[in-house]
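# Examining the three-dimensional arrangement
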Amino acid sequence: MPSLLSDHPQIDNLLGDPQRPADPLLSLVVPVYNEAATIRPFLAAVQPTLEHLALRYEILFINDGSHDDTLQQLLTAICDDPRLRCLNLSRNFGKEAALTAGIEHASGDLVVPMDVDLQDPPELIAEFIVKWREGYDVVYGIRQDRSSDTTTKRATAGWFYRIFNHLSPVSIPENAGDYRLIDRRVVEALRQFPERNRFMKGLFAWVGFHTIGIPYTRQQRQLGQSKFSYWKLWNFAIDGITSFSSAPLRIWTYIGTLIAGLAFLYALFIVTRVLLTGVDMPGYASLMTVILFLGGVQLMSLGILGEFIGRLFTEVKARPLYLVEGIYQRRQP
Ligand code: UDP
Ligand code: MG
């Protein structure tokens, strides 16, 4: 997509110059949680690639309350290089909060959130930047070959995308992760979101702007282990769906109406039968079935109500999303 205004030099966008700055600053935003062993290899792999881009850059690590000596490793790395910074959160707030912190503190014209485990190939950044120069504001990586993930993880991820995109008014591209390039104007848009339940993939989709995906192959994690268990992923999925859709609440109106309708028909049937054939006693089985079934349905709908009320509660409390203990950077000479 060539720049929108390239055919119309006499038109200005009053909200900002769509021209890309000639000497942009790139911010790499890297959340880390117990990654002491991964930081050195990460820098060793990423920095040569960044040097190749011939572009000013900074790497902003967000230490998400690690219990190992991740922070020490980061401080050592920062000593060697003024382009590295570390935002130290006061405890573990989770990846979504850490990412938000990073995006809010990044000073670049372009921001690239990236995992530290080298599952996201750094070479892709060059392709992101080509697309950005063409005029795209968001360029995201599409995990083309997920063979590095287990079959169960791929299947459950597939279900999640299908259900999410069915229920939510904004759809998220399937197999897109957080690895992407976002332009300053999108960063500013994201900073306006006051909500506590952060489902970044959904928020990225919600903001819109000129967006394009680039396929890539996701590598195996090189060092350390994944921080996401299936239980965490399940909760993550519920967070995602409930923060972007109220369909799970609405569905109870229909289920309730349907059950009430059926119950009414059944009542008519019983009354008619009594009128025609007289009173009889059997009915234990049908009674039990109805009671148990309705009990289950009610508990389920209460649970779903609870999910939403719980989320309302966190939003209403309006606590900060994360707390920063310190921002570490090498002292300027
Ligand atoms: N991470 C984080 N806070 C957490 C969990 C993970 O900052 O509570 C970071 C982690 O250090 C890594 C990135 O998020 O840089 C992705 O984590 P991981 O590789 O474990 O996720 P997966 O690739 O398995 O989805
Ligand atoms: Mg990973």
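Preceding block: the structure.
The present account deals with the structure reproduced in this document. (Residues numbered from 1 in each chain as written. Chains lettered and ligands numbered in written order. Predicted model: local features only at pLDDT ≥ 70, side-chain atom pairs only at ≥ 80, totals over all residues. Heavy atoms only, no water.)

## Quick word on the packing of helix α1 (residues 39-52) against helix α2 (residues 70-80)
Which entries qualify depends on this criterion: Angles here are taken between N-to-C directions and fall from 0 to 180 degrees, while the axes themselves are lines fitted to C-alpha atoms, restricted in helices to the stretch in contact. Helix and strand labels come from DSSP, where a helix needs a run of H or I of at least four residues and a strand needs a run of E of at least two; each type is numbered from the N terminus. Throughout, a contact is declared for two residues whenever any of their heavy atoms are within 4.5 Å. Classification used: nonpolar for Ala, Val, Leu, Ile, Met, Phe, Trp, Tyr, Cys and Pro, charged for Asp, Glu, Lys and Arg, polar for all others including Gly.
Across the interface, α1 lies against α2 with an axial gap of 10 Å and an inter-helix angle of 35 degrees. Judged by residue contacts, Ile-39, Arg-40 and Leu-43 of α1 engage Thr-70, Gln-73, Leu-74, Thr-76, Ala-77 and Asp-80 from α2. In the contact of α1 with α2, the residues fall into four nonpolar, three polar and two charged.

## So, the pairing of strand β5 (residues 138-145)
Cut-off, in case you're wondering: Only strands joined by at least two bridges in the DSSP assignment are considered to pair.
Across four bridges, β5 lies against strand β6 (residues 176-183) in antiparallel orientation. Across the sheet, the residue bridging to Ile-142 is Ala-176, located in β6. Note: β5 against strand β7 (residues 211-217), seven bridges, orientation parallel. Looking across to β7, one finds that Val-139 is bridged to Ile-212.

## Points about empty space enclosed by the protein
As a reminder, the rule being used: Only protein atoms enter the 1 Å grid used here, on which a cavity is any set of points holding a 1.4 Å probe that cannot leave and a pocket is any open set flanked by protein within 12 Å on both sides along at least five of seven lines; residues with an atom within 4 Å of a point are listed as lining. Grid points are joined across faces, edges and corners, and a volume is the space filled by probe spheres set on the points.
Applying the stated criterion across every chain, the model contains one cavity of 30 Å³ or more. The space that makes up the largest cavity amounts to roughly 50 Å³. Contributing to the lining of the largest cavity are Thr-100, Ile-103, Glu-104, Val-187, Leu-190, Arg-191, Arg-198 and Met-200. Of all elements in the fold, only α3 (95-105) and α6 (184-191) reach the threshold of two or more residues within the lining of the largest cavity. Tallied by class, residues from the lining of the largest cavity come to four nonpolar, one polar and three charged.

## Some thoughts on the packing of helix α9 (residues 247-277) against helix α10 (residues 284-317)
Our working rule: Geometric relationships in this document are graded by angle, where less than 35 degrees denotes roughly parallel, more than 145 denotes roughly antiparallel, 65 to 115 denotes roughly perpendicular, and other angles denote oblique. Two helices cross in a left-handed way if the nearer one is turned anticlockwise from the farther one by less than a right angle. They cross in a right-handed way if the turn is clockwise.
Running from N to C, α9 and α10 point in directions that differ by 160 degrees, and their axes come no closer than 10 Å. Accordingly, the angle class assigned to the pair α9 and α10 is roughly antiparallel. Every pair of crossing elements has a handedness; the one defined by α9 and α10 is left-handed. Contacts between α9 and α10 pair Pro-248, Leu-249, Trp-252, Ile-255, Ile-259 and Tyr-266 from the former with Ser-286, Phe-293, Leu-294, Val-297, Met-300, Ser-301, Ile-304, Leu-305 and Phe-308 from the latter. Each residue belonging to the contact of α9 with α10 can be placed in one class, and the counts come to 13 nonpolar, two polar and no charged.

## Considerations on the pattern of salt bridges
Definition in use: Any carboxyl oxygen of Asp or Glu within 4 Å of a side-chain nitrogen of Lys or Arg constitutes a salt bridge here.
Scanning the entire structure with this criterion turns up ten salt bridges. A salt bridge links Glu-58 to Arg-85; its shortest N-O distance comes to 2.9 Å. Of this pair, Glu-58 sits in strand β2 (residues 56-63) while Arg-85 sits in strand β3 (residues 84-89), and the two are 27 residues apart along the sequence. With its nearest N and O atoms 3.1 Å apart, the salt bridge here joins Arg-184 to Glu-188. Linking Arg-184 with Glu-188, this pair stays in helix α6, spanning four residues, or about one helical turn. Among the charged side chains, a network of salt bridges with common partners joins Glu-51, Asp-81 and Arg-83.

## Describing helix α7 (residues 200-207)
Every α-helical turn comprises 3.6 residues, leaving residues that sit three or four positions apart pointing alike. Short version of the rule: Each residue is assigned to one of three classes by its accessible area relative to the maximum for its type, calculated with a 1.4 Å probe on protein chains only: buried under 20%, partly exposed between the two thresholds, exposed over 50%.
Burial runs high along α7: six of the eight residues are buried. In the core, the buried residues of α7 are packed alongside α3, α5 (151-167), β6, α6 and α8 (230-244). Backbone geometry just downstream of α7 places Gly-208 in the positive-phi region, at approximately 75 degrees.

## Structural notes on the sheet that holds strand β1 (residues 25-32)
Within a sheet, neighbouring strands are paired by backbone hydrogen bonds and run either parallel or antiparallel to one another. Here eight strands make up an open sheet; going across it, the order is β7-β5-β6-β4-β1-β2-β3-β8 and the pairing mixed. What marks the edges here is a single partner per strand, and that holds for β7 and β8 (324-329). Direction aside, the axes of adjacent strands within the sheet are offset by 20 degrees on average. The pairing of β1 with strand β4 (residues 110-113) spans four bridges and is parallel. Among the inter-strand pairings, Leu-28 is bridged to a residue of β4, identified as Val-112. The strands touched by α1 within the sheet are β1, β2 and β3, with β2 carrying the most contacts at an inclination of about 155 degrees.

## Focus: a nonpolar patch on the surface
Defined as follows: Residues enter patches when their relative accessible area tops 30% and they take part in no salt bridge; the joining distance is 9 Å for like charges and 5 Å for the nonpolar side chains Val, Leu, Ile, Met, Phe, Trp and Tyr. Residue-level accessible areas treat just the shown protein chains as cover; the underlying method is Shrake-Rupley with a 1.4 Å probe.
Together, Leu-299, Leu-302, Leu-305, Ile-309, Leu-312 and Val-316 make up a nonpolar patch on the protein surface, roughly 630 Å² of accessible area in all. Relative to the assigned elements, Leu-302 resides in helix α10. The exposed category is assigned to Leu-302, whose relative accessible area is 53%.

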